Structure formats: structure tokens, C-alpha cells
Amino acid sequence: NPAACNAYCFPRTLMHGLDGNGGVWKSTQVPKRYRNSFLSTLPIGEQNPEAFMFVKRYINNITTLVKQGVGLYLFAIPNATNKKGTGTGKTTVATALVNEFVIKRVIEHVKGLQKINDVPALFVKASELQNTFNSQFRGTDEAKEQAATRFSKYKNLMLKTELLVIDDIALRGTTEAYQDVFYEIIDKRYNEELTTIFTSNTPLDNLGEVLNYQIASRIEGMTEEILLGG
């Protein structure tokens, strides 16, 4: 409520920055379309009641579960009525988890329970990550250098953030070089027990065919599967 908590209010400044367009809220990189994704607005309850109840329980205990490294694999299976498996609410659920988490983390920070030292949660499109990686090897030397710097910063954020969402993995094929880097990120988060949430239109059993079996094995070991139909 801006009338109750304005730019002179520390929690608001931490969440939104001095100008209202920065802070923790913007650092998550959640797209504008999903800024209002919360548990109260999730549209999956009717067609996916079991998944909704699971997500509800997860959100109600989200700071504890993130500290415990409990990740999720949100997926849909293409079928006769939905041949691409899209529009089932995977990204909406994933961004709601990010939004709910950062609010609770800011409350913890303000109360002095657990300080926020880095970006607490980060939303990454898998295709954007892959494009950023590929841009290191295209264009002029200056463009390659800029791309390498950008990707390095991106990667470091992904390695450190408490809650990482990688949206739409296995959307397309990848090179062996990219797979090595992607595995490095996933493996580090697995070993450090950092929570990662994935969304995909590929069932976990088939993920190794699109990426590789090492990546699929790591993801299986660090997540709970949630099927979203409809």
C-alpha cells in the first residue's frame, strides 16, 4: 500500500528501489506479464486440483523448503487436444513461487531473521540463456567479449541465488558445449542443495533424449515432479 509505506519506508525501498522501479522485485527478472502471479491468482485449481494443493502447501512453507533445497519439475505432456502442451499454467505457477518467496524473504530480512546478501530469486528463460551463451561465439571480437561478460554475470547469479527458476527447458536441441555449461550450473546447485524449479513440455523420463542423461539425472535428483494437464 503506497499510502502506508512510501519511499521513506525501508521495506518498500528494499523491495522496489527509491524510484519504485528497481530493488529486489525487479532483480528477479520475472516478466511484467507475471508480476501479479500469486497463490491467490493461480488459474490451475479447476483442471489440476492435486497440483494446486501441492503448490499451495509448498508456498505456505516456501522459505523452509527453499532452505532445504526442495526443487520442482513442472511439466505438461502434449496430447490430442493440446498438441504442444502449452498454456497449462507452468510459467504462471513458477513465477508465483518466485513472487511469494521474495516477499517472505524481504519480511525475514526486515525482521533481522535472515539477511538478503544476493539476489534471492531469479527467473531465467532457457532459450534466453542459450542465446546469451551462443552470442559469445558470433559477431565481432568486441561483441563476443561483451557477450562473454554478460553470460559470466548471468551464470554467477544462477550459481548463487537461493531460488532459481529455469523456464521451458528442453525446448530445442543444444550443442555439447552448452550442455557442459548447463550441467555445471545444475551440478553446482545440486551439490550445494540450492533450490531450482524447472518448467518443461518434456516429461522427466524423456529429458535425457533432448539434453543429456547426466543433466536429466541431476534434475531428477533435485526436484519433485508436478504434472499440469489441460
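Quick caveat: nothing in here was measured; it's all calculated off a predicted structure.

Regarding the packing of helix 7 (residues 141-160) against helix 8 (residues 176-191)
Here is step 1 of the chain: Remark: helix 7 packs on helix 8, axes separated minimally by 9 Å, with the N-to-C direction vectors making an angle of 25°. Put simply, helix 7 runs roughly parallel to helix 8. In this structure, helix 7 meets helix 8 at a crossing whose hand is right-handed. Note on element contacts: helix 8 touches helix 7 through Val 181, Glu 184, Ile 185, Lys 188 and Arg 189, opposite Phe 151, Lys 155, Met 158, Leu 159 and Lys 160.
Here is step 2 of the chain: Here the contact of helix 7 with helix 8 is composed, by residue class, of 5 nonpolar, no polar and 5 charged.

Some points on the environment of Lys 67
Here is step 1 of the chain: Topologically, Lys 67 is positioned in helix 4 (residues 62-67).
Here is step 2 of the chain: Spatially, the C-alpha atom of Lys 67 lies 9.0 Å from that of Leu 163, the residues being 96 residues apart in sequence.
Here is step 3 of the chain: Excluding residues that lie within four positions of it along the chain, Lys 67 makes contacts with Glu 108 and Gln 114.

A closer look at the packing of aromatic side chains
Here is step 1 of the chain: For the coordinates displayed, the defined rule picks out 7 aromatic pairs.
Here is step 2 of the chain: With a centroid separation of 5.4 Å and 65° between ring planes, the pair formed by Phe 133 and Phe 151 is classed as edge-to-face. Linking Phe 133 in helix 6 (residues 126-134) with Phe 151 in helix 7, this pair joins segments that are 18 residues apart in sequence. Judged on exposure class, the residue Phe 133 and its partner Phe 151 are both buried.
Here is step 3 of the chain: Put simply, the rings of Phe 133, Phe 137, Phe 151, Tyr 178 and Phe 182 pair up and form one aromatic cluster.

So, helix 10 (residues 213-222)
Here is step 1 of the chain: Within the span of helix 10, buried status applies to Ile 215, Ala 216, Ile 219 and Met 222. One side of helix 10 carries all its buried residues, which in axial view fall inside an arc of 140°. The exposed residues of helix 10 that point more than 90 degrees off its buried face are Tyr 213, Gln 214, Glu 220 and Gly 221.
Here is step 2 of the chain: Packing partners of the buried residues in helix 10 comprise strand 1 (71-75), strand 3 (163-169), helix 8, strand 4 (195-200), helix 9 (207-210) and strand 5 (223-227).
Here is step 3 of the chain: Its side-chain oxygen 3.0 Å from the backbone nitrogen of Gln 214, Asn 212 forms the N-cap of helix 10.

Calculation rules
Residues numbered from 1 in each chain as written. Predicted model: local features only at pLDDT ≥ 70, side-chain atom pairs only at ≥ 80, totals over all residues. Heavy atoms only, no water. Axes fitted to C-alpha atoms, helices over the stretch in contact; angles between N-to-C directions. Helix = DSSP H or I, 4+ residues; strand = E, 2+ residues; numbered from the N terminus. Parallel < 35°, antiparallel > 145°, perpendicular 65-115°, else oblique. Left-handed = near helix turned anticlockwise from the far one by under 90°. Contact = heavy atoms within 4.5 Å. Nonpolar A, V, L, I, M, F, W, Y, C, P; charged D, E, K, R; others polar. Phe/Tyr/Trp six-rings, centres within 6.5 Å; stacked < 30°, edge-to-face > 60°. Buried < 20%, exposed > 50% of the residue type's maximum accessible area, 1.4 Å probe, protein only. Arc of directions from axis to C-beta. Polar contact = N/O pair within 3.5 Å; in protein donor to acceptor, adjacent residues only side chain to side chain.

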